[in-house]
Amino acid sequence: MNAPAFLPFTRPEIDAATIADVGAVLASGWITSGPKVQAFEAKLSEIFGGRPVRAFGNGTATMEVALRLAGIGPGDEVITTAITWVATANVIHAVGARAMLVDVDPVTRNIDLAAVEAAIGPRTKAILPVYLSGLPVDMDRLYAIARRHGLRVIEDAAQAIGSRWVGRELRGAIGQLGDLVSFSFQANKNITCAEGGCLVLNDEVEAERAERLRLQGVKRWGLDGMEVEEPGGKFNLTDINAAIGLGQLPHLDAITARRGDLARLYFEAATRHGLRDLGIELPLPTQAAGAITNWHMFQVVLPADRLAGGRAAVMQALKEAGIGTGVHYPALHLFKFYRELGWREGQLPQAERIGRAILTLPLFPAMDDADPDRVGAALARCCKALLT
Ligand SMILES: *Cc1c(COP(=O)(O)O)cnc(C)c1O
């Protein structure tokens, strides 16, 4: 019998109609930002309750623009999490401000809101939460903190399209609620443009400024009018990428549902193969009091300190079993740039423990129903072999 094909931790799925649409854009004579970007923005706006939306070349540019829209620059502090893709904190430094990193909640692995409140000081201008693996934080509490302290909120919802919050005060899709909300459509995200992003804004004035910051700060009128009042970047999305995103959006609900089904199969596999008894921590099963995840990732936390060779040995054994895994993410305050700013090991103990031990298992809609069981069995087998 042939071994099953290698199972990557994720894989994008582009349907034939989308491939044809991309070809039509390429043949049209207009391949950069144009009608496809506008149509993509309009569809996204529908998903986000009619709020203004602008598309960008990636989800890092969206956050840099969001920080500039919020007036954040040198001398300012922005509070964010240490367990995220480095882009989240890098953009804060890119605009000249300082990332105040706080610890994560060990159960949700998201930013600890009590730690956020404790970190607020006279220089704090904004809170930048991340919805790791798509799981929202407590939005009622987040916005109550922001209101109480007069802070802007820039949501790094890069992973959270299709996620929802059903709280006491706020209810709706992530992106529909709140202040500035940033999404990424990078290749691994639930909805992809290959590369892309979008920013959900509060009003048309803010949206027009976002448009200018997206393209060199240029304002145009008439046939030949042009002015630059503040410099912007080169952050526009192309129609080629927008055509990919437009082909994905109609599948959003089906993608989210399929991911939920696969997550359920993972929990069943975890029970069948005794993962908890091996000291492996699972994600929150369904929702944390109102937070409904889109299952962007299914992540376990390994008993890494008790495993010979740690997480890397588990990843190697799974790779040999034909199973791809990922690390999302190492605690970012331990990277050289952040250590040189004064961050130290021991300051954020939960982030450090999770950063060493978190492991992303395969999860994407085209997986077979049998795959979560195969992954769970292989994970149990190799952890048993490596436990000391
Ligand atoms: C993907 C991602 C980003 C960056 O998005 P890009 O489109 O790759 O620039 C930022 N933050 C988080 C949490 C992400 O997952």
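Residues numbered from 1 in each chain as written. Predicted model: local features only at pLDDT ≥ 70, side-chain atom pairs only at ≥ 80, totals over all residues. Heavy atoms only, no water.

A few points about the environment of Arg54
You can see Arg54 is positioned in strand E1 (residues 53–56). In this structure Arg54 comes out as buried when scored by relative accessible area, which is 11%. Taking the C-alpha atoms as reference, Arg54 lies 9.9 Å from Ser182; in sequence the two are 128 residues apart. The residues touching Arg54, leaving out its near neighbours within four places in the chain, are Glu41, Gly197, Cys198, Leu199, Leu201, Glu204, Ala207, Glu211 and Arg214. Within the structure, the side chain of Arg54 is placed 2.6 Å from the side chain of Glu211, a separation counted as a polar contact. (Helix = DSSP H or I, 4+ residues; strand = E, 2+ residues; numbered from the N terminus. Buried < 20%, exposed > 50% of the residue type's maximum accessible area, 1.4 Å probe, protein only. Contact = heavy atoms within 4.5 Å. Polar contact = N/O pair within 3.5 Å; in protein donor to acceptor, adjacent residues only side chain to side chain.)

Points about the site of the ligand
Contacts to the ligand come from 16 residues, most closely from Gly59, Thr60, Asp156, Ser184 and Lys189. At 2.8 Å, a side-chain N or O of Gln159 approaches an oxygen atom of the ligand. Burial of the ligand by the protein amounts to 93% of the accessible area it has alone, namely 380 Å². Of the residues forming the shell around the ligand, the biggest block, three residues, is contributed by helix H3 (residues 59–69). Among the residues making up the shell around the ligand, the classes are represented as five nonpolar, nine polar and two charged. (Near = heavy atom within 4 Å. Areas by Shrake-Rupley, 256 points an atom, 1.4 Å probe, with all protein chains shown as cover. Nonpolar A, V, L, I, M, F, W, Y, C, P; charged D, E, K, R; others polar.)

Overview of empty space enclosed by the protein
Inspection of every chain in the model, using the stated rule, returns two cavities of 30 Å³ or more. Put simply, the largest cavity is a space of about 130 Å³. If you trace the largest cavity, you find 14 residues lining it, with Thr108, Ser133, Leu135, Pro283 and Leu284 closest to the centre. If you count residues domain by domain, the lining of the largest cavity takes at least three from each of domain 1 (16–250) and domain 2 (252–386). One number sums up the size of the second largest cavity: a volume of about 40 Å³. The dominant element in the lining of the second largest cavity, judged by the number of residues it contributes, is helix H9 (residues 252–272), at three residues. Residue composition of the lining of the second largest cavity, grouped by class: seven nonpolar, one polar and no charged. (1 Å grid on protein atoms, 1.4 Å probe; cavity = no way out; pocket = protein on both sides within 12 Å on 5 of 7 lines; lining within 4 Å. Points joined across faces, edges and corners; volume = space filled by probe spheres on them. Domains from an automatic or database assignment.)

A look at helix H13 (residues 371–386)
With 16 residues, H13 should cover 22 Å at 1.5 Å per step; its first-to-last C-alpha distance of 22 Å lies within 8% of that length. Every buried residue belonging to H13 is among Asp371, Pro372, Val375, Gly376, Ala378, Leu379, Ala380, Cys382, Cys383 and Leu386, and all of these are buried. Buried positions along H13 lie against H9, strand E14 (298–301), helix H10 (310–320) and strand E15 (358–361). (Expected span 1.5 Å × (residues − 1).)

Looking at the side chain of Asn190
Locating Asn190 in the fold gives a position in the loop between strand E8 (180–184) and strand E9 (197–200). One polar contact links the side chain of Asn190 to the main-chain carbonyl oxygen of Asn294, over a distance of 3.3 Å. Dropping the residues within four chain positions of it, Asn190 is found in contact with Ile161, Gln248, Ile255, Arg259, Asn294, Trp295 and His296.

Overview of the domain arrangement of the protein chain
Domain boundaries in the protein chain define domain 1 (16–250) and domain 2 (252–386). Taking the mean C-alpha position of each, domain 1 and domain 2 sit 26 Å from one another. With 41 residues of domain 1 in contact, the opposing surface of domain 2 contributes 40 residues. Summed over both partners, the interface of domain 1 with domain 2 buries about 3300 Å², with 61% contributed by carbon and sulfur atoms. The largest per-residue losses of area from domain 1 upon contact with domain 2 belong to Leu101, Arg109 and Asn190, which jointly make up 21% of the total buried on that side. The interface formed by domain 1 and domain 2 holds zero salt bridges in total. Linking domain 1 with domain 2 are 20 residue pairs in polar contact (both at pLDDT 80 or more), by the criterion used here. (Buried area = accessible area lost by both parts, 1.4 Å probe. Salt bridge = Lys/Arg side-chain N within 4 Å of Asp/Glu carboxyl O.)

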